[in-house]
Amino acid sequence: IKSKDDLVVYSGEINVDAVNNALVGNDSVAIKSGTFTLKADNNGIRCKTNDDIEKGYIVIDGGEYDINVSGSAIKSDFTVVINGGNININAGNDAVHGEYGIQVNKGEVLATKCEEGIEGAYIVINDGIVDITSSDDGVNASGIGGTEIENGFDMQLPDMNMPGGERPQRPEKG
């Protein structure tokens, strides 16, 4: 399932067995709820953008997910926000990858197999359950350009990221 712009799912039962990616939004992916069985030879949920600072994020507010992929289970060129849901992952690469940042506010992320568990420049886990079994790093927060943050970091993520809401701000590369 691919959208040239925003991919928005409010609810439903979605089963995908794909040769490439299971769900793709070129500008953003926003999921309110639903039941998802995603199998793919590449990535499960993917968002990519052409360096547009207003786009490139994935937001999961709830739902049940069974993701079995050869690539990354959830991958964004900007940020990933998990506000709820039960996400079961078996991935050949990253379980959750947000190039600039990942924020887990609620929900459960269970990765039984992956190379990197949660990987991004910045990672914030506010609540929820994160259980990672990885062959490399479980949680890998690298910072942008390998730099350290002296006074903390705020990804400036909105509370509700469905279409029409405030969009996250991309941090400056340092």
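Our structure's up above, just so we're on the same page.
Residues numbered from 1 in each chain as written. Predicted model: local features only at pLDDT ≥ 70, side-chain atom pairs only at ≥ 80, totals over all residues. Heavy atoms only, no water.

Counted according to the given criterion, the structure contains two aromatic pairs. Ring centres 4.7 Å apart and planes at 5° place the aromatic pair F36 and Y65 in the stacked group. Residue F36 is located in strand β6 (residues 35-40), and its partner Y65 is located in strand β9 (residues 64-69); the two are separated by 29 residues in the primary sequence. Just as F36 is buried, Y65 falls in that class too. (Phe/Tyr/Trp six-rings, centres within 6.5 Å; stacked < 30°, edge-to-face > 60°. Helix = DSSP H or I, 4+ residues; strand = E, 2+ residues; numbered from the N terminus. Buried < 20%, exposed > 50% of the residue type's maximum accessible area, 1.4 Å probe, protein only.)

A word on the pairing of strand β13 (residues 94-104). Counting buried residues along β13, 10 of its 11 residues qualify, which places the element largely inside the surrounding structure. Here strand β10 (residues 74-76) runs beside β13; their pairing, made up of three bridges, is parallel. Counted as the bridge partner of S76 is G98 from β13. Of the strand pairs in this sheet, strand β11 (residues 79-82) and β13 are connected by four bridges, and their pairing is parallel. When the bridges of β13 are listed, V81 appears paired with Q103. Sheet topology note: the β13/strand β15 (residues 116-125) ladder contains eight bridges and is parallel. Counted as the bridge partner of V104 is I125 from β15. (Pairing = 2+ DSSP bridges.)

Worth remembering: the numbers are spatial, not functional.
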